[in-house]
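# Observations on the three-dimensional arrangement
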Amino acid sequence: MFAYAVRRILIGLAMLVVMTLITFLLFMNNTTASVLASCGKNCQPEQKAIIAKTLGYDDPVYVQWGKFLKGVVAGRNFPDDPALVADHPELVAHCPAPCLGYSFKNSNFVWDVMKDAMWVSISIAVVAFAIWIIIGVLLGIIAALKRGTWIDKVIVGVTLVIFAFPTFFIGQLLYVFLAIKTGWFAIPSYTPIADGGVFTWLGGVILPAITLAVFYMAGYVRMTRAFVLETSTEDYIRTAQAKGLSARAVIGKHTFRAALTPIVTMAGMDLALVLGGAPITESVFNFNGLGKLAVTATREFDLPINIGIVVFLSAFVILANVVVDIAYAFIDPRVSVK
Amino acid sequence: MTKYRKTLAVVAAAAMGVTGLAACGGGGGGSADGAKTLHYLTFRPTEHWDPQRMYIGRDLADSSRLFYRSLVSFPVSEDPTTSVTPVPDLATDTGKASNKGKTWKFTLKDGVKWEDGKPVTCEDVKYGISRTFDLQTGGSGALTGGPNYILGYIDAPDFKGPYKADAKGQAQFDKAVVCDGATITFNFKKGWNDLPLAIASLRSFDPYRKDKDQGDKSNYQIFSNGPYKLDGAWVKEKGGTFVKNTEWDASTDTVRKQLVDKIVFTEGITNELVAQRLIASNGDDAYAVTDRSIPPSIYAQVTGDAAKRATLVDSPFTGYLLPNFKRMTNPQVRKALMLSTDRDGWAAALGGEKSAKPSSSIVNPAVAGYAPNPAFADMGNYDMAKKTLKAAGKMGYPIIFTFSGGSPTSQKAAAALKQGWEKGGFKVSLNELTDTYYTEVQKPNLKTDVVWGGWGADWPSISTVIPPLFDSRLNISKTSNGQDYGNFVDPKANKMFDAANAAPLEEQPAMWAAVDKYLGEQTAYIPLDVTQFYMMHGSKVTNYMQTAASNMYPDLGAIGVE
Amino acid sequence: MSQSGPETTAAIESSADEVVPEAIRGRSPRELALIRFRRDKGSMISLGVVLLFLFVAVISPVLTKLKVFKPYTTNFPLLDIENGAIPKGNWGGISWAHPLGLTPGTGTDVLSRLMLGMTYSITIALLSAVLTVALGTALGIIAGTSGGWIDAIIGRIIDMTLSFPQTLMLLSLSSTLTVTLEQMGVPKGNFARGTYLILVLAVFGWPSFARIVRGQVLSLREREFVEAAHVFGASRWRIYFKEMLPNLWAPILVYFTLTMPAYVSAEAALSFLGVGVKTPTPTLGNTLSDSVNYYGSDLVYFFVPAVVLAAVVVSFNLLGDGLRDALDPKADR
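Residues numbered from 1 in each chain as written. Chains lettered and ligands numbered in written order. Predicted model: local features only at pLDDT ≥ 70, side-chain atom pairs only at ≥ 80, totals over all residues. Heavy atoms only, no water.

Scanning chain B from terminus to terminus reveals 16 helices and 19 strands. Computed over the C-alpha atoms, the radius of gyration of chain B is 26 Å, within 12% of the 24 Å expected from 2.2 N^0.38 for a compact globule of 562 residues. C-alpha extents for chain B along the principal axes are approximately 85 × 75 × 40 Å. For chain B, the exposed surface amounts to about 20,400 Å²; the carbon and sulfur share of it is 54%. A gap of 4 Å separates the mean positions of the 63 positive and 60 negative side-chain charges of chain B. (Helix = DSSP H or I, 4+ residues; strand = E, 2+ residues; numbered from the N terminus. Rg over C-alpha atoms; globule rule 2.2 N^0.38 Å. Areas by Shrake-Rupley, 256 points an atom, 1.4 Å probe, with all protein chains shown as cover. Lys, Arg positive; Asp, Glu negative; His and termini not counted. Charge placed at Lys NZ, Arg CZ, Asp CG, Glu CD.)

Glancing now at the interface of chain A and chain B. Across the contact, 57 residues belong to chain A and 60 residues belong to chain B. Around 4,900 Å² of area is buried between chain A and chain B when both sides are counted, 57% of it from carbon and sulfur atoms. Inspection of the region where chain A meets chain B yields 17 residue pairs in polar contact (both at pLDDT 80 or more). Only α2 (32-37), α3 (45-55), α5 (82-87), α6 (110-145), α8 (167-181), α9 (193-232), α11 (247-275) and α13 (290-300) of chain A provide two or more residues apiece to the side of chain A that touches chain B. A total of seven residues in the side of chain A that touches chain B trace back to one element, the largest contributor, which is α3 of chain A. For the side of chain A that touches chain B, a count of residues per class yields 32 nonpolar, 14 polar and eleven charged. (Contact = heavy atoms within 4.5 Å. Buried area = accessible area lost by both parts, 1.4 Å probe. Polar contact = N/O pair within 3.5 Å; in protein donor to acceptor, adjacent residues only side chain to side chain. Nonpolar A, V, L, I, M, F, W, Y, C, P; charged D, E, K, R; others polar.)

Residues and elements named next belong to chain C. Topologically, Thr137 is positioned in helix α4 (residues 110-146). Judged by its relative accessible area of 7%, Thr137 is buried. Among the polar contacts listed, one links the side chain of Thr137 to the backbone oxygen of Val133, at a separation of 2.5 Å. Discounting chain neighbours no more than four positions away, the residues touching Thr137 are Phe209, Val213, Leu245 and Ile252. (Buried < 20%, exposed > 50% of the residue type's maximum accessible area, 1.4 Å probe, protein only.)

Counting residues at the interface gives 45 residues for chain C, matched by 48 residues for chain A. Overall, the association of chain C and chain A removes approximately 4,200 Å² of surface from exposure, summing both partners, and the carbon and sulfur fraction of that is 77%. For the interface between chain C and chain A, the tally reads one salt bridge. The interface formed by chain C and chain A includes three residue pairs in polar contact (both at pLDDT 80 or more). Mapped onto the side of chain C that touches chain A, the elements with two or more residues apiece are α1 (6-16), α5 (148-163), α6 (166-172), α7 (174-183), α11 (249-272), α12 (284-291) and α13 (299-327) of chain C. In terms of residue count, α13 of chain C provides more of the side of chain C that touches chain A than any other element does, eleven residues in total. Counted by class, the side of chain C that touches chain A contains 28 nonpolar, twelve polar and five charged residues. (Salt bridge = Lys/Arg side-chain N within 4 Å of Asp/Glu carboxyl O.)

This part takes up the state of the cysteines. Disulfide: a covalent bond formed between the sulfur atoms of two cysteine residues. Under the defined criterion, the tally for this structure stands at two disulfides over all chains. One disulfide bridge connects Cys95 of chain A with Cys99 of chain A, the sulfur atoms lying 2.2 Å from each other. Handedness here is read from the sign of the S-S torsion; for Cys95 of chain A and Cys99 of chain A, about 110°, the answer is right-handed. Here Cys122 of chain B engages in a disulfide with Cys179 of chain B; their sulfurs sit 1.9 Å apart. Across the disulfide from Cys122 of chain B to Cys179 of chain B, rotation about the S-S bond amounts to roughly -95°, and the bridge is consequently left-handed. Of this pair, Cys122 of chain B sits in helix α3 (residues 122-131) while Cys179 of chain B is found in strand β6 (residues 177-180), placing the two residues 57 residues apart along the sequence. For Cys122 of chain B, a relative accessible area of 3% corresponds to the buried category. The partly exposed category is assigned to Cys179 of chain B, whose relative accessible area is 21%. (Disulfide = S-S within 2.5 Å.)

What follows covers the sheet that holds strand β15 (residues 427-433) of chain B. Sheet strands line up and pair through hydrogen bonds in the backbone, either parallel or antiparallel. All names here are of chain B. Strand order across the open sheet formed by six strands is β13-β17-β12-β16-β14-β15, with mixed pairing between neighbours. Each edge of the sheet is formed by a strand with only one pairing partner; in this case those strands are β13 (356-358) and β15. Going across the sheet, the axis of each strand differs from the next one's by a mean of 30°, ignoring polarity. Note: β13 against strand β17 (residues 526-536), three bridges, orientation antiparallel. By the bridge assignment, Lys357 is partnered in β17 with Val530. Contacting β12 (310-323), β14 (398-404), β15, β16 (450-456) and β17, helix α11 (residues 408-423) crosses the sheet at an angle of about 160° to β14. (Pairing = 2+ DSSP bridges. Axes fitted to C-alpha atoms, helices over the stretch in contact; angles between N-to-C directions.)

Before going further, it helps to spend a moment on the environment of Gly277 of chain A. Residue and element names in this part refer to chain A. Along the chain, Gly277 falls in the loop between α11 and α12 (279-285). Its relative accessible area of 14% is what places Gly277 among the buried residues. Once you skip the residues sitting within four places of it in the chain, Gly277 turns out to touch Ser121, Glu282, Leu290 and Gly291.

Turning next to the sheet that holds strand β7 (residues 183-187) of chain B. Residues and elements named next belong to chain B. Spatially, β4-β5-β7-β6 is the arrangement adopted by the four strands of the open sheet, whose pairing is antiparallel. Pairing within the sheet leaves two strands with one partner each, and these edge strands are β4 (96-98) and β6. Each strand of the sheet is rotated relative to its neighbour by a mean of 20°, with strand direction disregarded. Helix α4 (residues 167-176) contacts β6 and β7 of the sheet and is inclined by roughly 65° relative to β6.

So, about the pairing of β12 of chain B. The two faces of a sheet get side chains in turn, since along a regular strand they alternate between them. All names here are of chain B. Among the 14 residues of β12, ten are classified as buried, and the element is accordingly described as predominantly covered. Two strands pair when backbone bridges link them, and β12 and β16 are joined in this way by seven bridges, in the antiparallel orientation. Each bridged residue has a counterpart across the sheet, and for Phe317 the counterpart in β16 is Gly456.

Turning our eyes to something else, we now look at the side chain of Thr119 of chain C. All names here are of chain C. Mapped onto the fold, Thr119 is located in helix α4. Judged by relative accessible area, which is 9%, Thr119 ranks as buried. Apart from residues lying up to four places away in sequence, Thr119 is in contact with Val56, Ala57, Ser60 and Pro61.

The next subject is helix α8 (residues 331-339) of chain B. Given 3.6 residues per turn, any residue in an α-helix points the same way as the ones three and four places further on. All names here are of chain B. Buried within α8 are the following residues: Val333, Arg334, Ala336, Leu337, Met338 and Leu339. On its buried face, α8 is in contact with β12, α10 (382-391), β14, α11, β16 and β17. At the N-terminal end of α8, a side-chain oxygen is found 2.9 Å from the backbone nitrogen of Gln332, two or three residues along, and the residue is Asn330.

Below, the structure is given as structure tokens:
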């Protein structure tokens, strides 16, 4: 049992290290553009050399990777220049562990930039999640109950068609027609709950959240519908019906509960996915979440930000897997034997 | 079933409630809390607020109007000449030049304070200027991005900026820039006659407080000595809010006013949505201005009231072509290329008069000394082009045209040029580059015959247009041709540049016009267009103007709100 | 990301347990599935539409070569240049010569651009889906059949790949990896960008399918025919691909059909973010990310590309659903 946990943790750590190495190899194989993007209008070769050094790209990739890992464990200085630390300590930014790097495009630590962005992404994700779960499951149940009728067909058909339109199309449509042209909704913008209260926050994120939600909704409608239909043919449901229980009781007590488990499992996975940022929705609505941060960083060749986001999100998934595996092992000891 | 219906109704009601509240929250307008607020909507994030690192026309102008005062500045005026004639700002006059422009003296006014109440001193100005030297090899590499003209005028080859200075370098710099009480003296190694124009246009001569300097970390920190100061932090891609600076004293400042209480910058909104929002002009957007041109996809919506709020002005940017002198060595072939260049077709393809206007010089009409270049009078004469090419014995001459593409607009513009050249007897292939455009065109041995380029003057003088683009001594190195994409190397032209730069300011325009004419005769470039600014502002913005002083962007020194 | 959306994977997994239905006397499972599929009207219609789209994708380049189609020819005289170069007339420039109107800005024919765009979009999606399924099948079979440390390593690779944030990787690697591809000799520009899309979609797409295949293989492994092959001394590779593969065609077919529309959507989404094939070469994605800006001035152009893209995605999705239902009788109501 304990041995299993240790082994699982060790494997997890090894995966983390390999993952960061892969990330570095992928992103750092070409840094020319990144240097140019920092160089300004009169970019001469000497300038490029200076900037490459400032950005740390003059080291081989594995050295940069090593420095990154060291930063995660022990923190690091930017710029990493001992002479400057001695002469002008005020110029040197010390990035405390766990340090994910320094973005010269934001003049800030990668982690500090990401931290602000994360709350934006979480806001959209949570509201979108609430919308798609509530409406998606409701519509799914209605469709199942009205199986074969036009209501069923309309629900399934409409969600399927909306799903087929790209997010940026739906988002632009909502933004222009619901916020700008008609003024029914406020111009979407992110106001933290601490600054403007729950309603201002919700009013600001509602359109991006709807945009994101309609994309996921179709899946939930179809799945809920399928599970409700499937379980309603199960023997115990038939028994309940035979016992003379009302349709409502059967659905509420039995069918829905049985269908719930797989939906919750899927919902958990999807929520984790959207928490990592929604680049398109965030770009359309100009929300500075992790997704838009990545879009901007890509446009500006801000490699430290790109690497930071990828490493952070992947590490999150890897660690979550380790935790879940160990938790399962505790609950069900047979797992560790296997 | 009813249960579900009820739930649905509740959900719907909740959603409606949110909607209603949201609409209320947004409806407050520019004076929601009683404060007069001007909004600035844009897509493009500011890269640097560090005065010595700024190099974007919009940011240079905005910061000058709001929070960075310079020795001299441009006044607020719609008159194109007044607008670019420097007036005293931090200094008591516009500077005293002697020794053929090699020595300049400025004396600082009394009573100008930083936002913490401390006076702006000569040492602050000197420290600010020293920061540009961080760009020299051996500098810390933190202060990238800004203009580096001063490095060519101050004889301090060993000075590596304030962070990496050694005694030797510091001594060189101290000799060149001298503070004596409130008077700062520059001792240049060559004459700099239009120095006041440079000071007023760029921010690299602005004072900087040494105790506030944190290298790259202070890139987005703004330490104001003007009428507004940053409230809270500036966040890239998001923006920031400026409020009145109580330490600013109007009696020391003839240029700026505190017309509004607050100015809120919002970055990251796409050009299309900026235009949409300003056309609708609802809520806060009625109090908003932008630096973004209306994209062609929105033109058709600019009608009625919105049309009255749309402005169309010449931008400071020009587009042009550079023949590659390494490959197109025959002057007659270059001439034929110029004659068969369809600049009208090019401008039409870019979107017509709201996007681009055909031009007759690489110099923008807003720059002092601009004159239509007679060498290009016959452009678009395909018969003449054909004759010229035939006379040179080069009919069917194959050319490769390299341009920055990736959008339908740029492609159709390139297609228009191709058509013209083919009428003139050339065989044309297109080399469309997107992300790699800037890296590729700077390669000295790029396989291309003609390259597209775009430029805007750094200050309203031809000395910031022609030499940066055609002086081979500034541009050409082994690995790069700098901005001289056509690999133009001409000692005679270089001599003319030096002579014009050294001449007294009044004589310069005529001399530069002669230089331009000479370049035209060599077909060193082919003019295409003056980029147009077609902008929109909210309905409750007052005294709206776009001036030459603010690089034809909205002039925040003039604009107020109702 | 739009690809392998929640319902695809979930649906596959549920069908995977039931892929080889118990044979009913006289009819093979394949025949039964075919009968079920034919009986379903929706599936047959979506099959027809999908075949039509595929046909369009095949003939468009031919028609372009023959100059029947002119997707690259500009028509400036038909545009209102001073008004943002939108087509003259009320309906986005619709006429007999241009049944779906003209592209604002260039005046190119929208119908021919969409048809040729279908060729490029479907080609990208198809190649990528083939690679995805091929990689997923091969590695899934190897992992499932071999077991032991090979299985463990493949399992870790799958975990690792799935741990990367897919959309962000596709987006942020685009610029550097495209340049790298070009340096490796892939023709510059759109060819390299297209290649990037195909490869990277597949690289991040295969692991989910490999998991499904592995699960299938584990259950097949215990069957008599595999044991028989073992007894007869069949080589490992023979067991992998001669014995296992024929029993996996159902999940492969279903997964492939559902991956196609996901990749078509992905191409569009990435186009909006500036990744992938750029104009003048048309794709459904780059046409749509241009057209979304015309909501105010040219509604025909605003809606037409979006509707065409949605039609492609819906028809493939319905076909995939129909196939799954046919191959998995239990899910059939």
